[in-house]
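The primary structure of each chain is shown beneath.
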Amino acid sequence: MELAELARSAGAIVADTVVQSRERLDPATLIGRGKLEEVRQRLAETGADLLIFDADLTPTQQRNIEARIERRVVDRTQVILDIFARHARTREGQLQVELAQLNYLLPRLAGRGIEMSRLGGGIGTRGPGETQLEMDRRRIRRRIRLLEESLETVRRQRMHRRSRRATIPIATVALAGYTNAGKSTLFNRLTQSEVPTSPQMFATLDPTLRMLELPSRRRVLLSDTVGFIRNLPHTLIKAFRATLEEAGEAALILLVSDCSSPNRAQQEEDVRKVLDEIGVLDKPILHVWNKMDLLTPGQQSALQPGEDAVSISALTGAGVDELLRAMDRHLSVDPVERVQLRFTQLQGRELSWVYEFGRVLQREERNGLIEVEAELPHSLRSRLQAFLTGPGASRP
Ligand SMILES: Nc1nc2c(ncn2[C@@H]2O[C@H](COP(=O)(O)OP(=O)(O)OP(=O)(O)O)[C@@H](O)[C@H]2O)c(=O)[nH]1
Ligand SMILES: [Mg+2]
């Protein structure tokens with residue numbers, strides 16, 4: 001069960017699982033009175049000290065249940081926040097997690113206030129609990145504003161870096177997919193990097209970019225980033241918007257899924273929902289069916305990838321060459337073209353772009369001029385319009 005995996009990734013040991021299917025949910029405690037009693041007994045028997053709900057609880061529900069079972073109660077969002085907090089490494093990641101945590105906490109504080117003011121003062125008086133709470137709340141709001149400002153700065157820096165990147169035209173390919181699908185494993189294989197990978201969920205929080213060369217010799221930037229999950233808590237989408245926006249700048253999205261998972265279709269759908277929410281569903285998407293090695297030969301041959309999908313194993317490397325070729329095909333927004341160019345000795349910067357982002361087929365030096373035949377992505381060709389010679393030189 002997914003919640004059990006989440007709990008383990010957050011460092012919990014799962015003692016027991018209780019399932020309730022109920023048409024009508026109890027507004028006060030979500031699950032019914034009888035079920036709650038059963039849960040209370042199971043907690044006592046197993047000695048568990050924490051109850052995790054696979055749903056989002058309102059602050060009031062959380063308090064009511066805690067009062068009834070006399071144990072700490074957390075909901076799914078809180079578990080995910082905990083995992084994120086464990087895995088945030090960079091300053092930006094830590095700011096984003098803290099912001100999400102405080103936004104989660106704020107309305108919950110209000111609920112506690114009622115209790116505290118009851119404890120603290122009589123009818124009609126503002127008890128010390130209430131005053132304390134107001135102070136806490138004000139402090140938290142101040143901290144939230146500060147975090148939002150810091151993140152806005154980070155976001156501007158990121159945009160700035162992106163626009164600097166854009167002056168050197170190079171397409172970004174973004175990895176997206178459910179948590180644990182194998183994005184980082186694939187990233188490492190393609191770019192010979194060592195981003196940490198792990199069977200725990202949400203191993204990656206911080207976006208990473210690396211250069212990658214495709215079979216056409218075209219270079220792209222590959223980005224690895226945070227994984228998605230069913231009902232990704234909204235506070236997290238909001239906090240991680242800057243990170244997720246990387247996908248928005250991509251020329252191509254690789255939607256990685258674990259084809260050995262019985263929930264593959266559902267997970268893919270969930271990822272599409274988040275992509276839709278951050279407004280990038282109109283980008284070209286190449287589906288990558290990963291973990292093919294876990295399928296039986298029969299299951300493998302039943303896979304029919306088609307034009308928009310490739311089946312691979314990031315672990316063994318099977319299918320990866322085909323994936324690279326497919327990436328080249330899907331980057332049709334910036335196709336590679338063969339051109340002839342002429343530079344003077346003073347135009348070394350532009351010439352170096354040709355070497356860096358294209359493939360030089362031939363080079364000759366004549367009367368102090370450098371003549372080059374090369375294959376270039378269309379975007380770079382447009383920028384080097386003034387240097388084109390030979391056929392098609394005046395074509396835009
Ligand atoms: N058998 C098999 N295991 C794989 C394959 N690709 C990845 N894994 C394993 O799946 C687990 C998750 O891989 P990651 O690369 O960390 O997954 P991710 O998508 O980056 O996950 P998050 O960063 O948590 O979103 C790791 O234990 C990997 O070793 C594969 O092709 N075959
Ligand atoms: Mg990862």
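Scroll up to find the structure this text is about.
Position labels on residues start from 1 in each chain and follow its written sequence. The order in which chains are written sets their letters, starting at A; the order in which ligands are written sets their numbers, starting at 1. In keeping with the model being predicted, local features are shown solely for residues with a pLDDT of at least 70 and side-chain atom pairs are shown and tallied solely at 80 or more, while totals for entire chains, interfaces and linings include all residues. Derived side-chain values reflect all non-hydrogen atoms in the structure, with water molecules and hydrogen atoms excluded from consideration.

Enquirer: Which parts of the structure should I look at to understand the overall build of the protein?
Expert: The numbering of helices and of strands both runs from the N terminus, where a helix is a DSSP run of H or I of at least 4 residues and a strand a run of E of at least 2. Helix and strand content of the protein: 14 helices and twelve strands. Across its three principal directions, the C-alpha atoms of the protein cover 95 × 55 × 30 Å. In this description, contact between two residues means that some pair of their heavy atoms is separated by no more than 4.5 Å. Within the protein, counting contacts between residues at least 6 apart in sequence, those at least 24 apart form 64% of the total. Using a 1.4 Å probe, the Shrake-Rupley method yields the accessible areas, and only the shown protein chains count as cover for residues. Working note: accessible area of the protein is about 20400 Å², and carbon and sulfur atoms make up 49% of it. The positive charge centre, built from 58 side chains, and the negative charge centre, built from 53, are 4 Å apart in the protein. The sign given to each residue is positive for Lys and Arg and negative for Asp and Glu; His and the chain ends receive no count. Every charge is mapped onto a representative atom, which is NZ of Lys, CZ of Arg, CG of Asp or CD of Glu.

Enquirer: Would you explain the site of ligand 1 in this entry?
Expert: Whether a residue is near a molecule or strand depends on its heavy atoms: it is near if one of them lies within 4 Å of it. Lys183, Thr185, Ala203, Thr204 and Asp293 are the nearest of the 24 residues found near ligand 1. Within 3.5 Å is the distance limit for a polar contact, defined as a pair of N or O atoms, with the added protein rule that one can donate a hydrogen and the other accept it, and that residues adjacent in sequence qualify only through two side-chain atoms. With respect to ligand 1, the side chain of Lys183 contributes an N or O atom lying 2.7 Å from an oxygen atom. Measuring from an oxygen atom of ligand 1, one finds a side-chain N or O atom of Asn290 at 3.1 Å. Its free accessible area being 650 Å², ligand 1 has 90% of it covered by the protein chains. Examining the composition of the shell around ligand 1, we find that three residues originate from one element, helix α7 (residues 183-191), more than from any other. In this classification, Asp, Glu, Lys and Arg are treated as charged, Ala, Val, Leu, Ile, Met, Phe, Trp, Tyr, Cys and Pro as nonpolar, and every other residue, Gly included, as polar. Per-class residue counts for the shell around ligand 1 are nine nonpolar, twelve polar and three charged.

Enquirer: How should the sheet that holds strand β5 (residues 219-224) be read in this particular structure?
Expert: The strands making up a sheet associate through backbone hydrogen bonding, with each pair oriented either parallel or antiparallel. Two strands are counted as paired when DSSP detects at least two bridges linking them. Read from one edge of the open sheet, six strands run β4-β5-β3-β6-β7-β8, paired in mixed fashion. Edge positions in the open sheet fall to β4 (208-213) and β8 (309-311), since each of these has one partner strand only. Sheet twist, expressed as the average angle between the axes of neighbouring strands with direction ignored, equals 25°. Contacts between helix α10 (residues 264-277) and the sheet are confined to β3 (172-177), β6 (252-258) and β7 (285-290), with β6 contributing the most and set at about 150° to the helix. Every axis in this analysis is a line fitted to C-alpha atoms, fitted for helices over the stretch in contact. Angles between the N-to-C directions lie between 0 and 180 degrees.

Enquirer: Mind showing me how you'd approach the nonpolar core here?
Expert: Buried Ala, Val, Leu, Ile, Met, Phe, Trp, Tyr and Cys residues form a nonpolar core when they are joined through side-chain atoms within 4.5 Å. Partly exposed residues are those whose accessible area sits between 20% and 50% of the maximum for their type, while under 20% is buried and over 50% is exposed, using a 1.4 Å probe and protein chains only. Core analysis: the largest hydrophobic core is formed by 47 residues, its most contacted members being Leu6, Phe84, Phe202, Ile229 and Leu275. When residues of this core are assigned to their parent elements, the largest contribution, eight residues, is made by helix α5 (residues 91-120). Beyond its immediate stretch of four places on either side in the chain, Leu6 contacts Arg76, Val79, Ile80, Ile83, Met201, Phe202 and Ile229. Ranked by size, the runner-up nonpolar core spans 27 residues in total, among them Leu190, Leu222, Val320 and Met327.

Enquirer: Sorry if this is basic, but what is going on with the sheet that holds strand β11 (residues 369-377) here?
Expert: Taken together, the four strands give an open sheet; going across it, the order is β10-β11-β9-β12, and neighbouring strands pair in antiparallel fashion. Two strands in the sheet have a free side with no partner beyond their single neighbour: β10 (359-366) and β12 (388-389). By the bridge criterion, two bridges tie strand β9 (residues 336-344) to β12 in an arrangement that is antiparallel. Residue pairing for β12: Leu341 is matched across the bridge by Leu388. Sheet strands touched by helix α13 (residues 348-357): β9, β10 and β11. Its angle to β11, the strand with the most contacts, is close to 40°.

Enquirer: Honestly, the pairing of β10 in this entry has me stumped. Any pointers?
Expert: If a strand is regular, its side chains alternate between the two faces of the sheet. Bridge count between β10 and β11: seven bridges; the pairing is antiparallel. Bridge pairing in β11 links Gln362 to Glu373. Hairpin geometry of β10 and β11 is characterised by an intervening segment of two residues between the two adjacent antiparallel strands and by a positive phi of about 45° at Asn367.

Enquirer: Explain the pattern of salt bridges here, please?
Expert: A pair is scored as a salt bridge if a Lys or Arg side-chain nitrogen falls within 4 Å of a carboxyl oxygen belonging to Asp or Glu. As enumerated under the stated definition, the model contains 22 salt bridges in all. The network of salt bridges with common partners includes Asp16, Lys35, Glu38 and Arg42.

Enquirer: So what exactly am I meant to see when it comes to the side chain of Asn290 here?
Expert: Within the fold, Asn290 resides in strand β7. Overall, Asn290 belongs to the buried group, its relative accessible area being 3%. Of the polar contacts made by the side chain of Asn290, one reaches the backbone oxygen of Ala181; its length is 2.9 Å. Beyond its immediate sequence surroundings of up to four residues, Asn290 is in contact with Ala181, Gly182, Val256, Ser257, Asp258, Cys259, Ser260, Ile312, Ser313 and Ala314.

Enquirer: Can you help me understand the packing of helix α1 (residues 2-9) against helix α4 (residues 76-87) in this one?
Expert: For any two helices packed against each other, one specifies the crossing angle of their axes together with the interaxial distance. Look at α1 against α4: their axes get within 9 Å of each other, and the N-to-C directions meet at 40°. It follows from the interaxial angle that α1 and α4 lie oblique. Two packed elements cross with a definite hand, and for α1 against α4 that hand is left-handed. Within the contact between the two elements, α1 uses Glu2, Leu3, Leu6, Ala7 and Ser9 and α4 uses Arg76, Val79, Ile80, Ile83 and Arg86. Looking at side-chain class alone, the contact of α1 with α4 contains six nonpolar, one polar and three charged residues. An angle counts as roughly parallel when it lies under 35 degrees, as roughly antiparallel when it exceeds 145, as roughly perpendicular when it falls between 65 and 115, and as oblique in every other case. Helix crossings fall into two classes, left-handed where the near helix is turned counterclockwise from the far one by less than a right angle and right-handed where it is turned clockwise.

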